[in-house]
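# Residue-level structure breakdown
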Amino acid sequence: MKPRLLLHICCAPDEAYAVDQLKDVYELHCFFCNPNIFPPEEYELRLSEGKKVSRIYGVPFTWDEYHPEQWSTAVEGLTDTPESGGRCRECFLLRLTRTAEVCASMGWPSFGTVMSVSPHKKVPMLNEAGIKAASLYGVDYISFDFKKQDGFRKSIVLSQQLGLYRQNYCGCRLSRSEAELRRKNRL
């Protein structure tokens, strides 16, 4: 019998790669919890694509209600920090704490996240948030670094093969503004 793992999902491309890597080792259940995503239409699109990936792989999928005000409160006073800085630390903690809570309520022993696929996410920062969240609910946090062994590039290829929407920013309004600024500077 495979160990059970609740897998926090941020987006379909990262979900597809992580599920593809973990499905033979764990009994997975995907959980979409992302109050950071802006605007609401982007949230709905990412949620829909996450459901699609779970259908493709035959993995159960649940999602949290969308409460963007929780993210705003969590990053208050940190909105001037860059991506991978203090605001991301608090955002990770917010989402992974909720994931740990759901994990405990399901009676599952452990959870992890797919966020480490992104080259913009610092694994030590993710691990710090995951371990702290796990300790609050008496569950285990399992760390993965999915960008290793060319994981990010492989996730791009897999998402193309599956016909998934691939976003061009992390999800929050701040990362969206930063991405738009980078695009303008390249022109």
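Here's a quick rundown of the structure. (Residues numbered from 1 in each chain as written. Predicted model: local features only at pLDDT ≥ 70, side-chain atom pairs only at ≥ 80, totals over all residues. Heavy atoms only, no water.)

A tally of regular secondary structure across the protein chain gives 7 helices and 5 strands. The secondary structure elements of the protein chain, listed N-terminal to C-terminal, are β-α-β-α-β-α-α-β-α-β-α-α. By the compact-globule yardstick of 16 Å for 187 residues, the protein chain fits well, its C-alpha radius of gyration being 16 Å. By the burial criterion, 49% of the 187 residues in the protein chain qualify as buried. Residue pairs at least 24 apart in sequence account for 73% of intrachain contacts in the protein chain once pairs closer than 6 positions are excluded. (Helix = DSSP H or I, 4+ residues; strand = E, 2+ residues; numbered from the N terminus. Rg over C-alpha atoms; globule rule 2.2 N^0.38 Å. Buried < 20%, exposed > 50% of the residue type's maximum accessible area, 1.4 Å probe, protein only. Contact = heavy atoms within 4.5 Å.)

The next point concerns the packing of aromatic side chains. Evaluated as defined, the whole model comprises 8 aromatic pairs. Pairing Tyr43 with Tyr66 gives two aromatic rings, centres 4.1 Å apart and planes at 25°, and the pair type is stacked. Within this pair, whereas Tyr43 is found in helix H2 (residues 40-57), its partner Tyr66 is found in the loop between strand E3 (61-63) and helix H3 (68-74), the two being separated by 23 residues in sequence. Among the residues examined, Tyr43 registers a relative accessible area of 2% and is labelled buried. The structure contains a cluster of three or more aromatic residues connected by ring pairs, namely Phe32, Tyr43, Phe61, Trp63 and Tyr66. The ring of Tyr169 carries Arg46 above its face, with NZ or CZ at 5.1 Å from the centroid. For the cation-ring pair, Lys51 lies above Trp63, with the distance from its terminal atom to the ring centre recorded as 3.9 Å. (Phe/Tyr/Trp six-rings, centres within 6.5 Å; stacked < 30°, edge-to-face > 60°. Lys NZ or Arg CZ within 6 Å of the ring centre and 35° of its normal.)

So, about the side chain of Lys121. Following the sequence through the fold, Lys121 ends up in the loop between strand E4 (110-113) and helix H5 (123-137). Not counting chain neighbours up to four residues away, the residues in contact with Lys121 comprise Glu83, Phe92, Met115, Leu126, Lys147 and Cys170.

Another point: helix H6 (residues 151-162). End to end, H6 covers 16 Å across 12 residues, agreeing with the expected 16 Å (1.5 Å per residue, within 8%). Of all the residues in H6, the buried ones are Gly151, Ser155, Leu158 and Ser159. Each buried residue of H6 sits inside an arc of 100° when the element is viewed along its axis, so together they form one side. Of the exposed residues in H6, those oriented more than 90 degrees away from the buried face are Gln160 and Gln161. Where H6 is buried, its residues meet helix H1 (12-22) and H2. In the stretch just after H6, Gly163 is the one whose phi turns positive, near 70°. (Expected span 1.5 Å × (residues − 1). Arc of directions from axis to C-beta.)

On to H1. The buried fraction of H1 is high, at 9 of 11 residues. Buried residues along H1 sit in contact with strand E1 (4-9), strand E2 (27-32), H2, E3 and H6.

Within this structure, the stated rule accounts for 9 salt bridges. Residues Arg4 and Glu27 are paired through a salt bridge, measuring 3.6 Å at the closest nitrogen-oxygen approach. In this pair, Arg4 sits in strand E1 while Glu27 sits in strand E2, placing the two residues 23 residues apart along the sequence. Assessed through its relative accessible area of 33%, Arg4 is described here as partly exposed. Overall, the relative accessible area of 31% leaves Glu27 in the partly exposed class. Note that Asp145 and Lys147 form a salt bridge whose closest N and O atoms lie 3.9 Å from each other. According to the relative accessible area criterion, Asp145 is partly exposed, its value standing at 27%. Connected through salt bridges with shared partners, the residues Asp64, Arg98 and Glu101 form a single ionic network. (Salt bridge = Lys/Arg side-chain N within 4 Å of Asp/Glu carboxyl O.)

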